[in-house]
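For reference, the chains in residue letters:
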2 protein chains.
Amino acid sequence: METIKIGLYGFGVVGQGIYHVIGKAKNAHAEIVKICVKNLDKPRDIEVPEGLLTDNVDEILNNDDIDLIVEVINDADAAYEIVRRALEKGIPVVSGSKAMVAAHLPELIRLQRENNVALLYDASSCGSIPVIRNLEEYYDNDLLLEVKGILNGSSNYILSRVFDHGEDYNDALRRAQELGFAEADPSFDIKGFDSLFKLVIITVHALGVYVKPEDVFTYGISTLKDFDIRYAREKGVKIKLVAQVVKVDENHFTLFVMPEFIAPSKYIYSVDDEYNGVVIRGECYDRQFMFGKGAGSLPTASSILSDVMARLHDYRYEYKKMGYLDLPEYTTDIMLKVYLRYSDPKVFESLKFDKINETYSSEESRYIIGEIRISELIRNREVLEDPDLFLCNIPRFFLDLD
Amino acid sequence: METIKIGLYGFGVVGQGIYHVIGKAKNAHAEIVKICVKNLDKPRDIEVPEGLLTDNVDEILNNDDIDLIVEVINDADAAYEIVRRALEKGIPVVSGSKAMVAAHLPELIRLQRENNVALLYDASSCGSIPVIRNLEEYYDNDLLLEVKGILNGSSNYILSRVFDHGEDYNDALRRAQELGFAEADPSFDIKGFDSLFKLVIITVHALGVYVKPEDVFTYGISTLKDFDIRYAREKGVKIKLVAQVVKVDENHFTLFVMPEFIAPSKYIYSVDDEYNGVVIRGECYDRQFMFGKGAGSLPTASSILSDVMARLHDYRYEYKKMGYLDLPEYTTDIMLKVYLRYSDPKVFESLKFDKINETYSSEESRYIIGEIRISELIRNREVLEDPDLFLCNIPRFFLDLD
């Protein structure tokens with residue numbers, strides 16, 4: 001068997017993990033022959049042979065000996081340029097850049113088809129859990145009803161520290177960054193965008209439909225306060241940042257990212273620390289739960305290794321579901337039941353609830369429990385940017401299922 | 001896209017589930033054109049079109065219009081005959097018969113290669129959880145260290161009823177059969193053979209090595225008594241029937257099926273009722289946990305549907321790991337720490353423990369906690385058949401990991 005020659009873009013936490021993991025895997029028949037970095041002089045924990053590093057992007061793209069490009073850089077625009085050029089040249093790519101993949105997926109699918117070349121990105125969603133591959137290959141039928149889970153390891157780590165260990169929010173965030181779980185820009189994690197990008201990718205492989213990230217309601221945990229934590233504790237639930245795509249009827253689905261109150265009976269209740277957990281629900285098999293490390297250098301690197309080995313056997317995503325006759329349509333005309341903690345009552349001048357179930361007011365804080373459509377939440381994104389406001393989903397109706 | 005024409009062998013609980021599930025899946029492009037049953041006159045819950053049923057085995061095997069055979073019959077010898085003949089004729093097969101697959105796997109691999117034809121059997125291990133496919137495709141590298149889990153839904157259902165609901169053992173067994181979880185011959189489930197066959201199949205796809213079922217130590221839950229349940233409760237643990245294959249060092253692995261005391265901190269502690277749960281442990285990704293319905297008509301049928309759809313895209317197992325250069329060797333020279341409840345002290349005349357840690361004796365019962373090699377347990381299989389004896393693994397050493 002021939003050895004697969006890899007050109008690696010990015011040598012940060014994940015890139016160094018890949019270098020370590022590929023060195024360990026004797027039967028992988030893979031070798032990193034060139035690593036492209038932004039800054040050659042940056043001090044690194046890991047020593048590599050003379051001449052392996054370069055800061056010239058073209059040195060990999062123009063090297064005809066390279067069979068596969070692995071791209072794990074933080075800058076989504078730069079990543080897109082590299083991946084686009086590689087695919088146009090017919091070089092297969094394994095990517096870990098969820099923001100880039102989520103933003104450009106239709107284009108990336110077209111490029112794969114036109115140039116008869118593969119782009120794999122299992123590592124981009126849920127680190128070491130093989131969600132994309134299983135949705136593409138194993139749950140490739142009409143029975144699929146819902147994919148719901150904790151897709152972001154660092155926000156989950158922070159919630160876990162705050163919730164289960166009584167730590168301060170900012171201390172927990174700093175620790176997550178020190179441990180290498182949180183992205184350089186933490187808002188990516190805690191504002192829900194990382195989960196969103198993963199959810200957009202999952203939706204393509206789950207239901208065969210691409211929804212633009214900007215069309216999806218996304219709300220994070222950056223405004224969580226002690227009051228909300230105490231409220232959740234009193235109700236015997238935890239707050240988790242949950243991403244979900246759900247078939248709401250035969251012809252429609254919805255998706256969104258929001259904090260959610262999770263009861264102890266639910267599978268994802270016990271997904272703590274940097275772990276990810278995904279529930280796949282279908283018509284005949286009911287619920288399947290997958291659980292594993294979703295952040296960190298080596299778990300992500302081992303997922304990249306799985307994609308590299310898949311290329312040894314010419315594996316590619318077929319995007320089969322996109323060819324189905326009756327694809328469901330995305331709708332935001334879906335009622336949610338939410339908890340809204342606020343300080344400025346003016347928020348209700350534009351935010352229209354269909355029903356208010358509970359109102360609470362004290363010297364310290366006030367909240368309401370009410371029913372509101374996702375479309376209404378999207379229309380009021382700016383209002384909901386208020387730092388003295390926290391919104392949390394209360395699972396109910398079709399959502400109260402796992 | 002062409003419709004795949006299926007000949008189905010077996011129309012019991014699982015067969016009828018397949019008929020139902022394939023009817024539901026519009027995009028599956030699959031149609032059952034003939035069903036072979038043992039007894040045409042047996043009353044059935046489900047009505048099928050005139051002429052679909054036959055009791056003539058050859059009517060499917062000799063039908064050139066049939067693209068795929070799905071085999072879900074109970075009789076392992078009859079199943080083997082059908083599968084062997086189909087593969088020799090170049091007809092691909094999807095099988096749910098774990099006993100048959102586990103017993104004949106080397107021969108079945110040879111037949112697939114010689115006749116360039118596929119045999120898929122994901123449904124045979126863990127019902128709806130895609131364990132085989134993931135071990136084959138996603139964990140196809142050297143990082144894999146252990147696969148450990150609850151692989152038998154009916155024994156787990158029984159333990160769950162007995163343990164969590166205080167039901168009588170025989171009542172629980174009868175209920176499992178009524179619900180369609182337990183096989184016609186319950187000893188298959190409760191003596192651990194069903195778990196064993198699945199473990200043998202998993203080992204081939206996990207480590208690339210086939211171990212004959214008769215060479216694996218297998219002990220079930222048929223002799224479990226109230227005393228053992230009380231003992232476990234006092235220690236704050238549950239008893240589960242666990243199958244595991246573990247790399248014990250760089251060049252060796254072991255595998256066995258045994259009841260085990262499971263602490264609340266372990267993932268499989270909360271796998272209750274008819275569910276299956278599998279922990280996959282690797283060097284860089286640590287632990288992954290997969291959880292889902294492992295028994296019952298529709299979960300198994302939906303897994304069969306996944307295999308049928310994989311055939312639409314010409315998927316086959318490559319048995320890649322069997323070609324690795326340094327395959328680990330099976331060893332039984334591994335020390336376990338066990339709980340042994342017994343009544344006849346003569347059991348110790350042949351059973352040699354390396355160390356006795358605790359002894360207990362009362363009017364009601366007696367037990368020891370001690371260290372013993374797996375090879376010694378295998379040598380004493382007959383002694384351990386004693387109905388007044390119960391053996392349970394106490395995870396320790398390398399085993400105390402998930």
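Scroll up to find the structure this text is about.
Residues numbered from 1 in each chain as written. Chains lettered and ligands numbered in written order. Predicted model: local features only at pLDDT ≥ 70, side-chain atom pairs only at ≥ 80, totals over all residues. Heavy atoms only, no water.

A.B. asks: Summarise the overall build of chain A; cite the residues concerned and give the values.
C.D. replies: Assigned secondary structure in chain A consists of 13 helices and 17 strands. Over its C-alpha trace chain A gives a radius of gyration of 22 Å, about what one expects of a compact globule, namely 21 Å for 402 residues. Principal-axis analysis of the C-alpha atoms places the extent of chain A at approximately 65 × 50 × 35 Å. Within chain A, the proportion of its 402 residues that are buried is 61%. Long-range contacts, defined as pairs at least 24 residues apart, comprise 74% of the intrachain contacts of chain A with a sequence gap of at least 6. (Helix = DSSP H or I, 4+ residues; strand = E, 2+ residues; numbered from the N terminus. Rg over C-alpha atoms; globule rule 2.2 N^0.38 Å. Buried < 20%, exposed > 50% of the residue type's maximum accessible area, 1.4 Å probe, protein only. Contact = heavy atoms within 4.5 Å.)

A.B. asks: So, the sheet that holds strand β4 (residues 68–71) of chain A: which residues are in play, and what are the values?
C.D. replies: All names here are of chain A. The six strands are arranged β3-β2-β1-β4-β5-β6 in an open sheet whose pairing can be described as parallel. Where the open sheet ends on each side, the last strands, each with one partner, are β3 (53–54) and β6 (119–120). Looking at chain direction, strand β2 (residues 30–36) and β3 are connected through two bridges and run parallel. The residue of β3 that forms the bridge with Cys 36 is Thr 54. The strands touched by helix α1 (residues 13–24) are β1 (4–9), β2 and β4; relative to β2, the strand with the most contacts, the crossing angle is about 155°. (Pairing = 2+ DSSP bridges. Axes fitted to C-alpha atoms, helices over the stretch in contact; angles between N-to-C directions.)

A.B. asks: Provide a residue-level description of the interface of chain B and chain A, including the pertinent values.
C.D. replies: Of the residues lining the interface, 46 residues belong to chain B; the matching set on chain A comes to 46 residues. For the pairing of chain B and chain A, the buried interface totals around 4000 Å² over both sides, and the portion due to carbon and sulfur atoms is 52%. If you sort the residues of chain B by the area they bury against chain A, Asn 27, Tyr 138 and Cys 284 of chain B come out on top, with a joint share of 17%. For the interface between chain B and chain A, the tally reads four salt bridges. The salt bridge involving Lys 293 of chain B is made with Asp 286 of chain A; its shortest N-O contact spans 3.1 Å. Our count for the contact surface shared by chain B and chain A stands at 11 residue pairs in polar contact (both at pLDDT 80 or more). (Buried area = accessible area lost by both parts, 1.4 Å probe. Salt bridge = Lys/Arg side-chain N within 4 Å of Asp/Glu carboxyl O. Polar contact = N/O pair within 3.5 Å; in protein donor to acceptor, adjacent residues only side chain to side chain.)

A.B. asks: Before we move on, could you go through the relation of the copies chain B and chain A and cite the residues and values that matter?
C.D. replies: The two copies are related by a screw operation: chain B maps onto chain A through 180° of rotation and 0.0 Å of translation along the axis, at an RMSD of 0.0 Å. Both copies of the chain, as the preceding transformation shows, are related through a two-fold rotation axis. When C-alpha distances to the rotation axis are compared across chain B, the minimum falls at Met 290 of chain B, with a value of 2.3 Å. Most of the interface of chain B is mirrored in chain A, where 100% of its interface residues again form contacts. (Least-squares fit on C-alpha atoms with pLDDT ≥ 70 in both.)

A.B. asks: Please give an account of the packing of aromatic side chains that cites residues and values.
C.D. replies: This model, assessed by the stated rule, comprises 48 aromatic pairs over all chains. Both rings, one in Tyr 342 of chain B and one in Phe 348 of chain B, keep their centres 4.9 Å apart while their planes meet at 90°; by these two values the pair is edge-to-face. On the basis of relative accessibility, which here comes to 11%, the residue Tyr 342 of chain B falls in the buried class. The exposure class of Phe 348 of chain B is partly exposed, given its relative accessible area of 25%. Through a chain of ring-to-ring contacts, the aromatic side chains of Tyr 267, Tyr 275, Phe 289 and Phe 291 of chain A together with Tyr 267, Tyr 275, Phe 289 and Phe 291 of chain B assemble into a single cluster. Between the NZ or CZ atom of Arg 133 of chain A and the centre of the ring of Tyr 315 of chain A, over which it lies, the distance is 5.1 Å. (Phe/Tyr/Trp six-rings, centres within 6.5 Å; stacked < 30°, edge-to-face > 60°. Lys NZ or Arg CZ within 6 Å of the ring centre and 35° of its normal.)

A.B. asks: How would you sum up unusual backbone geometry? Please name residues and give values.
C.D. replies: Of note in this structure, Asp 273 of chain B is not a glycine but carries a positive phi near 50°. Looking at where Asp 273 of chain B falls in the secondary structure, it is placed in the loop between β10 (252–262) and β11 (275–282).

A.B. asks: Describe the pattern of salt bridges, and please don't skip the residues or the numbers.
C.D. replies: Residues and elements named next belong to chain A. Under the definition given, this model contains 57 salt bridges over all chains. Measuring nitrogen to oxygen at the nearest pair gives 2.8 Å for the salt bridge that ties Lys 148 to Glu 260. Here Lys 148, found in strand β7 (residues 144–150), pairs with Glu 260, found in strand β10 (residues 252–262); they are 112 residues apart in sequence, far enough to count as distant. The buried category is assigned to Lys 148, whose relative accessible area is 2%. Overall, the relative accessible area of 1% leaves Glu 260 in the buried class.

A.B. asks: I'd like a description of a negative patch on the surface, backed by residues and values.
C.D. replies: Residue and element names in this part refer to chain A. On the surface, a cluster of negative charge is made up of Glu 2, Asp 64, Asp 65 and Asp 67. Tracing the backbone shows Asp 67 in the loop between α2 (58–61) and β4. A relative accessible area of 34% means that Asp 67 is categorised as partly exposed. (Patch = residues over 30% accessible without salt bridge, like charges linked within 9 Å, V, L, I, M, F, W, Y side chains within 5 Å. Areas by Shrake-Rupley, 256 points an atom, 1.4 Å probe, with all protein chains shown as cover. Lys, Arg positive; Asp, Glu negative; His and termini not counted. Charge placed at Lys NZ, Arg CZ, Asp CG, Glu CD.)

A.B. asks: Mind laying out the packing of helix α6 (residues 153–165) of chain B against helix α7 (residues 169–178) of chain B, listing which residues take part and the relevant values?
C.D. replies: Geometrically, a packed helix pair is captured by the angle between its two axes and the distance between the axes. All names here are of chain B. Axis separation between α6 and α7 bottoms out at 9 Å; the angle between their running directions is 140°. Judged by the inter-axis angle, α6 sits oblique to α7. For the pair α6 and α7, the sense of crossing is right-handed. Two secondary-structure elements touch here, α6 through Tyr 157, Ile 158, Arg 161 and Val 162 and α7 through Tyr 169, Ala 172, Leu 173, Arg 175 and Ala 176. The residue inventory of the contact of α6 with α7, partitioned by class, reads seven nonpolar, no polar and two charged. (Parallel < 35°, antiparallel > 145°, perpendicular 65-115°, else oblique. Left-handed = near helix turned anticlockwise from the far one by under 90°. Nonpolar A, V, L, I, M, F, W, Y, C, P; charged D, E, K, R; others polar.)

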